[in-house]
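Geometric and topological summary
Each chain, written out:
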Amino acid sequence: MILSYSYKILILFFVLASNLSAECFSFIPYAYNGKFVYLPENTEFCFSKGDGDIYIETNEDGARLININSKNDSSEVQVFGDSQILGIDWSSNDTDTVHDIAEIFPDKNLILYAAPNNSPFQVSEKLKDISETKINHESEIVLGFNYGTDIFRIQPGWKVEDFVPLNEENINDVLKFPFIYDLIILKGMVEGKFFTITNDVRESNLNQFLGIDDEVLKLSISKIIDQIRNVLRNFDSKKTFIIYPPYWGYEENNKKLRKNVAEPFFFFACDQRLANIFDKILIGELRDKLDLTSDKRHFKTSSLNYENINEVEICKS
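Here we summarise the structure given alongside this text.

The rules we used
- Residues numbered from 1 in each chain as written.
- Predicted model: local features only at pLDDT ≥ 70, side-chain atom pairs only at ≥ 80, totals over all residues.
- Heavy atoms only, no water.
- Core = buried A, V, L, I, M, F, W, Y, C linked by side-chain atoms within 4.5 Å.
- Buried < 20%, exposed > 50% of the residue type's maximum accessible area, 1.4 Å probe, protein only.
- Helix = DSSP H or I, 4+ residues; strand = E, 2+ residues; numbered from the N terminus.
- Contact = heavy atoms within 4.5 Å.
- Pairing = 2+ DSSP bridges.
- Axes fitted to C-alpha atoms, helices over the stretch in contact; angles between N-to-C directions.
- Disulfide = S-S within 2.5 Å.
- Polar contact = N/O pair within 3.5 Å; in protein donor to acceptor, adjacent residues only side chain to side chain.
- Salt bridge = Lys/Arg side-chain N within 4 Å of Asp/Glu carboxyl O.
- Parallel < 35°, antiparallel > 145°, perpendicular 65-115°, else oblique.
- Left-handed = near helix turned anticlockwise from the far one by under 90°.
- Nonpolar A, V, L, I, M, F, W, Y, C, P; charged D, E, K, R; others polar.
- Patch = residues over 30% accessible without salt bridge, like charges linked within 9 Å, V, L, I, M, F, W, Y side chains within 5 Å.
- Areas by Shrake-Rupley, 256 points an atom, 1.4 Å probe, with all protein chains shown as cover.

**Examining the nonpolar core**
Judged by nonpolar contacts, the single largest core of 94 residues is most densely connected at Leu143 and Leu232. Here the element with the most residues in this core is helix H9 (residues 214-232); it accounts for seven residues. Beyond its immediate chain neighbours, meaning those up to four positions away, Leu232 contacts Leu127, Ile141, Leu143, Lys239, Ile277 and Phe278.

**Let's talk about the sheet that holds strand S9 (residues 166-167)**
The three strands are arranged S2-S1-S9 in an open sheet whose pairing can be described as mixed. The outermost strands of the open sheet, each flanked by one partner alone, are strand S2 (37-38) and S9. Relative to S2, strand S1 (residues 31-32) runs antiparallel, the two being bridged by two bridges. Bridging across to S2, Tyr32 finds its partner in Val37.

**Here's the deal with the sheet that holds strand S11 (residues 280-286)**
Overall, mixed pairing links the seven strands, which are arranged S5-S7-S6-S8-S10-S11-S12 in an open sheet. One side of each edge strand has no neighbouring strand; the edge strands of this open sheet are strand S5 (64-66) and strand S12 (304-308). On average, each strand axis in the sheet is inclined to that of its neighbour by 25 degrees, with strand direction left out of account. Sheet topology note: the S11/S12 ladder contains five bridges and is antiparallel. In the sheet register, Glu285 faces S12, and the bridge partner there is Asn305.

**Some thoughts on the state of the cysteines**
Counting across every chain of the model gives two disulfides. The side chain of Cys24 participates in a disulfide bridge whose partner is Cys46; the two sulfur atoms lie 1.9 Å from each other. A torsion of -100 degrees about the S-S bond marks the disulfide between Cys24 and Cys46 as left-handed. With a gap of 22 residues between them, Cys24 in the loop between helix H1 (2-18) and S1 and Cys46 in strand S3 (residues 44-49) connect regions that are remote in the sequence. Exposure class is identical for Cys24 and Cys46. Each is buried. Cys270 shares a disulfide with Cys315; S-S distance 1.8 Å. In this structure, the disulfide formed by Cys270 and Cys315 twists by about -65 degrees around the S-S bond and is classed as left-handed. With Cys270 in the loop between helix H10 (259-269) and helix H11 (272-277) and Cys315 in helix H12 (residues 313-316), this residue pair connects regions lying 45 residues apart in the sequence. Looking at Cys270, the relative accessible area reads 27%, which means it is partly exposed.

**Some details on the environment of Glu76**
Here Glu76 is to be found in strand S6 (residues 76-81). On a C-alpha basis, the gap between Glu76 and Asn136 in space is 9.5 Å, while along the polypeptide they are 60 residues apart. If we ignore the near neighbours within four places in the chain, the residues touching Glu76 are Asn109, Ile111, Lys134, Glu138, Ser139 and Glu140. Polar side-chain contacts of Glu76 include one of 3.0 Å to the side chain of Gln78.

**Digging into the pattern of salt bridges**
With the rule as written, the count across this model stands at eleven salt bridges. Between Asp82 and Arg153 there is a salt bridge, with the nearest N and O atoms lying 2.8 Å from each other. Highlighted residues: Asp82 in the loop between S6 and helix H2 (83-86) and Arg153 in helix H5 (residues 147-153), separated in sequence by 71 residues. Classification of Arg153 by relative accessible area gives buried; the value is 7%. One salt bridge connects Arg273 with Asp271, and the closest N-O pair in it is separated by 2.7 Å. Take Arg273: its relative accessible area is 29%, and that puts it in the partly exposed class. One network of salt bridges, with partners in common, ties together Asp82, Asp150 and Arg153.

**Some thoughts on unusual backbone geometry**
Note: most residues except glycine have negative phi, and most peptide bonds are trans. Located in the positive-phi region is Asp107, a residue other than glycine, with phi close to 60 degrees. Note on placement: Asp107 falls in the loop between helix H3 (100-104) and strand S7 (109-114). Non-glycine residue Asn253 carries a positive phi angle of around 55 degrees. Looking at the secondary structure, you find Asn253 in the loop between strand S10 (238-244) and H10.

**Re the packing of helix H4 (residues 120-129) against H9**
Their axes nearest at 10 Å, the elements H4 and H9 cross at an angle of 15 degrees. Compared by their axis directions, H4 and H9 come out roughly parallel. Our pair here, H4 against H9, has a crossing hand that is left-handed. Residues Pro120, Phe121, Ser124, Glu125, Leu127 and Lys128 of H4 form the contact with H9, whose participating residues are Lys223, Ile224, Gln227, Ile228, Val231 and Leu232. Each residue belonging to the contact of H4 with H9 can be placed in one class, and the counts come to seven nonpolar, two polar and three charged.

**Considerations on a nonpolar patch on the surface**
Together, Phe177, Phe179 and Leu183 give the surface a local cluster of nonpolar side chains, amounting to about 300 Å² of exposed area. Looking at the element boundaries, Phe177 is found in the loop between helix H6 (171-176) and helix H7 (178-190).

Structure (C-alpha cells):
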C-alpha cells in the first residue's frame, strides 16, 4: 500500500515537472480567505485536466463570468456553490457545449461565486459578505447543493482549510509563478491534504456516508437549512435551489440511486423547509447513464436533466 501510494506521488511529480513551461495550471487555482473559497480575481486563466484545457474568466470578486456580454437579456443570475455548479469541465471557449446553468437560464448574464470545496457554510458567508449593489431585487439567486460532497462538508469536524491549498497571501504568488502551485499541491499530497489519489473514491465516499449516524445527519441538515434561511431572508430576489445527486450513490450499471442512499437524499430534497425558502427547487437526474469528468468526482456538463421538485413523484407522497 505504501509503495503504491509513493509510486503515485512519484508519477505526479514527473507530471508536474513536465508542466513547468505549460500555459495552463496543473490544477484549478482557488483560495480560502477565512470566510469563503474563491477563484483568482479579475483575470483569465486556464488549467489542464483530462477533460482538456479549461479556460475561465473572473470578475473582481473571483466569480466566474458566463454569457456576461449577452445581447438578449441584461438581467443577472448570481450563482453560489462548489466545483460542480462552477462547471469544472466546461471551458469558456467551448462553442459546442452549453454550461448547465446557461441551459437552465438561457441568455442571462451568469455570475458564479463558486469554487472547489466551497461548502454551504462558506456559501452563506459569501452571501453575508456580498453587498446589496451586487445583488438587487432584479437579480436571481441560485444556490447549488452538491449532495455527493456537501453532505460531508456540513458534518461536525470538517475543516475547509484541510481541502483548500491556497490563501490570500500565496494566491498572488501562484498567479505569477505557477510552478509554486505545483509544489504546494505535491507537498499537500505527501501530507495527505487537499487532494486524494485513491482509485476507489466512489466506494470510499459511499462507505463514509453510510457510516454517518442518522441523528447526526438530520441535525447537520437542519443546521444548514436554518443558516440558508437566515441569510437569504435579507434578499428580495427570486431564489432557486439546485440539488445534485451523489455521484457515488448509484447502483452498478443503473440510473437509480441505491435504496440506502435514495431515502436520505430525497428526505433532504423534499424537505418542506427548503420549499418555504426557495421559489424553485431543481433536482439533477441522469440523462442517460452515469457520466463523470476525468477526475471521477463530478457529473459531466450536459449529463444531467433538472427536474422541478413539484414533479418528483416521491416528493408528492
